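# Summary of the model geometry
The residues making up each chain are set out below.
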Amino acid sequence: MGYGNMAKMAQQMQAEMARVQAELDALTVEGTAGGGAVTATVNGHGELVSLAIDREVVDPDDVDMLQDLVTAAVNEGIRQVKQTTEEKMARVTGGMRIPRLG
């Protein structure tokens, strides 16, 4: 393979990675816990964007349960972002591990 072909392939990969990065920048996912009683919306950067808590799980006498549900929902949202990022980047890199851009 000549240098010209390698450079062209590198440019194509760079363009594809930029496209995937833009998709990830626009990504939002929802992690839920307690059968949907707590919903955490997480963006493609792994940041918590919003949190919705059903009134039925708000019990002043059981704050520990609510804290556990919030933690589980946020962690599920973050896990989904990581999984989506890995899947999209693997398509571009052929499975080669490259740190996320940005």
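Residues numbered from 1 in each chain as written. Predicted model: local features only at pLDDT ≥ 70, side-chain atom pairs only at ≥ 80, totals over all residues. Heavy atoms only, no water.

## Looking at a negative patch on the surface
- A contiguous patch of negative charge, built from Asp59, Asp61, Asp62, Asp64 and Asp68, is present on the exposed surface.
- Summarising the element assignment, Asp59 is placed in the loop between strand S3 (48–53) and helix H2 (63–93).
- Under the relative-accessibility criterion, Asp59 is labelled partly exposed at 34%. (Patch = residues over 30% accessible without salt bridge, like charges linked within 9 Å, V, L, I, M, F, W, Y side chains within 5 Å. Areas by Shrake-Rupley, 256 points an atom, 1.4 Å probe, with all protein chains shown as cover. Salt bridge = Lys/Arg side-chain N within 4 Å of Asp/Glu carboxyl O. Lys, Arg positive; Asp, Glu negative; His and termini not counted. Charge placed at Lys NZ, Arg CZ, Asp CG, Glu CD. Helix = DSSP H or I, 4+ residues; strand = E, 2+ residues; numbered from the N terminus. Buried < 20%, exposed > 50% of the residue type's maximum accessible area, 1.4 Å probe, protein only.)

## With respect to the pairing of S3
- Pairing geometry for strand S2 (residues 38–43) and S3, over five bridges, is antiparallel. Among the inter-strand pairings, Ala40 is bridged to a residue of S3, identified as Leu51. (Pairing = 2+ DSSP bridges.)

## Let's talk about the confidence of the model for the chain
- Across the chain, the average pLDDT comes to 89, with 91% of residues at 70 or higher.
- Element-level mean pLDDT values for the chain span from 88 in helix H1 (residues 3–26) up to 98 in S2. (pLDDT = per-residue confidence, 0-100.)

## A short note on the pattern of salt bridges
- One pass over the structure, following the stated rule, counts four salt bridges.
- Residues Arg19 and Glu23 are paired through a salt bridge, measuring 2.1 Å at the closest nitrogen-oxygen approach. Of this pair, Arg19 and Glu23 both sit in helix H1, separated by four residues, roughly a single helical turn.
- Linking Glu23 and Lys88 is a salt bridge whose minimum nitrogen-to-oxygen distance equals 2.7 Å. Here Lys88 lies in helix H2 and Glu23 lies in helix H1, a separation of 65 residues in the sequence.
- We classify Lys88 as buried; its relative accessible area is 19%.

## As for H2
- Taking 1.5 Å as the rise per residue, H2 with 31 residues should run 45 Å; its terminal C-alpha atoms sit 45 Å apart, in good agreement.
- In the stretch just after H2, Gly94 is the one whose phi turns positive, near 70°. (Expected span 1.5 Å × (residues − 1).)

## Considerations on the sheet that holds S2
- Pairing is antiparallel across the open sheet formed by three strands, whose spatial order is S1-S2-S3. At either margin of the open sheet sits one strand with a lone partner, and together these are strand S1 (28–33) and S3. Across the sheet, the mean angle separating the axes of adjacent strands is 15° when strand polarity is ignored.
- Relative to S2, S1 runs antiparallel, the two sharing six bridges. In the sheet register, Val29 faces S2, and the bridge partner there is Val42. (Axes fitted to C-alpha atoms, helices over the stretch in contact; angles between N-to-C directions.)

## Here's the deal with the environment of Glu87
- Mapping Glu87 onto the fold places it in helix H2.
- Residue class for Glu87 comes out partly exposed when judged on its relative accessible area of 39%.
- Along the sequence, Glu87 and Gln21 sit 66 residues apart, while their C-alpha atoms lie 12 Å from each other.

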